[in-house]
Amino acid sequence: MPALASCARAQAPPEIALETLATGLAQPTAIAQAGDSRVFLTLQRGQVVVFDGSRVLTPPFLDIRSLVGCCGERGLLGLAFHPRYSENGFLFVDYTNTAGDTVIARYRVSSDPAAADPSSGVTLLTIPQPFANHNGGQLAFGPDGYLYVGMGDGGSANDPMCNGQRDESLLGKILRIDVDANAASVPFYGIPADNPFATPGGARDEIWAKGLRNPWRFSFDRSTGDLFIGDVGQGAREEIDFQAAGTPGGRNYGWKLMEGTLCGDGGTSGCAAGVPACNSAAYVPPILEYSHSGGDCSVTGGYVYRGRRFPRLAGTYVYGDYCTGKIWGATNAAGSWSARLLTPRATNLTTFGEDSAGEVYLATESGLFARIVDANPTSPTVASVESPSGSVRGGEVVVVTGSGFLPGVVVTFGGAPGTDVTLLDSSSTRLSVVTPAHAAGTVDVVVTNSDGRSATQPGAYVFEPLGRVQPRSRAPRTVARQ
């Protein structure tokens, strides 16, 4: 288990900026992706809208406002697309119904890929909520293909019924279900065989982890499969809990006996006999926590950055606080996590999300939708083009030397894109590319990174007419792809 670290122990993730993509959205609550170029946002009153890369589209992708009870901590709170969405068209939502209870439902895309079919909904779970707050709401598919569901402790304060510690209750838990089992009939899901309470008994076999107060947002690192849980605290501590990929379920994160690394104010009232005492070894401590000093009040769990546009941020877990809008970047060194406060703020920060390429986004209750980008981006440079001429037929291997080349870089010759672009070293100073077919003549070579920044080497390559190309050695091809 990684050692505990507080936000005061700062490492140095690179500085970020927020690129505004849309404003004026009606209370966005979650961000999701379907494996294509689109980004989907849930709006609290019951709509799902689509950002197509340039704007938020109308009409909405899904409208279930007639089913949703709103607002406060209720509403349409979560969205996840099936890992094989392109094949089966399934998407899953978490919402509060008009009776105040949590519903996990499945919908299917219509014959129009720009719209889900609102009549296709089936209910997997309806979970009674004793109070109006602490609904949880996050949905996410893990690397194992199972659907994970975040459930708050049922609300009020200090978990009066001790739901977080009761194995017969789905409240105060993360659930894990197999949505491919019983997909055509009630209950439209099954129980993974390795769930910790999958064997017969008094416990609910949907439970994967317990001892949570309100795991409003959690995520899986798409590179490692590790699970990061942002669990909202009571009055003293906000925490990030962690489960390494491949470890078994059944972890107990301590609520209500523990609030972060402190003993909870509620003691054991409402708990069954035998519940472990505060500071018991049965409780898994958080990897990160912070107090409510300075106005902080409610953690919004984030994502480990694995995109291409911002390579210096790779491996950094980005998360924030709802009240102050503070954003932190956390890194792990030799098993010890530490976090640095970053400059931008996004007040009333409701959610983070990522797209299919691993770029990270955020949204606020006031309607801001933004992408996290490099505050100090570096443009590529081109110093030389080795093997500066070749046949008009293309197919020649050329090595470009310079700096600042990012994964996903594109190289064009006279406007025609080369193929098989490969970074040749970890310092991003050399790449190889296969030339395209092109009319005879001298052309510019342009290198463009995935963030849109480019460099041009004028007249750096000559396409020779057939019969005029001189024999020359080709560049080595024994390089590893990145």
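All values derive from a computational prediction rather than experimental measurement. (Residues numbered from 1 in each chain as written. Predicted model: local features only at pLDDT ≥ 70, side-chain atom pairs only at ≥ 80, totals over all residues. Heavy atoms only, no water.)

1. Things to note about the sheet that holds strand S7 (residues 76-81)
Taking strand neighbours across the sheet as the criterion, the four strands line up as S7-S8-S9-S10 in an open arrangement whose pairing is antiparallel. Each of the sheet's edge strands pairs with one partner strand only, and the pair in question is S7 and strand S10 (116-127). Between one strand and the next, the sheet's axes are offset by a mean angle of 25°, whatever the strand orientation. Where S7 and strand S8 (residues 90-96) come together, five bridges link them in antiparallel fashion. By the bridge assignment for S8, Phe81 is matched with Leu91. (Pairing = 2+ DSSP bridges. Helix = DSSP H or I, 4+ residues; strand = E, 2+ residues; numbered from the N terminus. Axes fitted to C-alpha atoms, helices over the stretch in contact; angles between N-to-C directions.)

2. Let's talk about the state of the cysteines
Summed over all chains, the structure comprises four disulfides. The disulfide partner of Cys263 is Cys278, and the S-S distance across this bridge is 1.8 Å. Negative torsions about the S-S bond denote left-handed disulfides, and the value of about -90° found for Cys263 with Cys278 makes this one left-handed. Of this pair, Cys263 sits in strand S20 (residues 262-263) while Cys278 sits in the loop between S20 and strand S21 (288-291), and the two are 15 residues apart along the sequence. Among the residues examined, Cys263 registers a relative accessible area of 42% and is labelled partly exposed. When its relative accessible area of 23% is taken as the criterion, Cys278 is described as partly exposed. With cysteine numbering restricted to those in disulfides and following the sequence, the chain has the pairing 1-2, 3-5, 4-6, 7-8. (Disulfide = S-S within 2.5 Å. Buried < 20%, exposed > 50% of the residue type's maximum accessible area, 1.4 Å probe, protein only.)

3. Overview of the pattern of salt bridges
Inspection of every chain in the model, using the stated rule, returns 16 salt bridges. Across the salt bridge formed by Arg371 and Glu19, the nearest N and O atoms sit 3.1 Å from each other. Of the two residues, Arg371 sits in strand S28 (residues 369-374) while Glu19 sits in strand S2 (residues 16-22), which places them 352 residues apart along the sequence. Taking relative accessible area as the criterion, Arg371 reaches 10% and is therefore assigned buried. Judged by relative accessible area, which is 31%, Glu19 ranks as partly exposed. With a shortest N-O distance of 3.6 Å, Glu289 and Arg237 are connected by a salt bridge. (Salt bridge = Lys/Arg side-chain N within 4 Å of Asp/Glu carboxyl O.)

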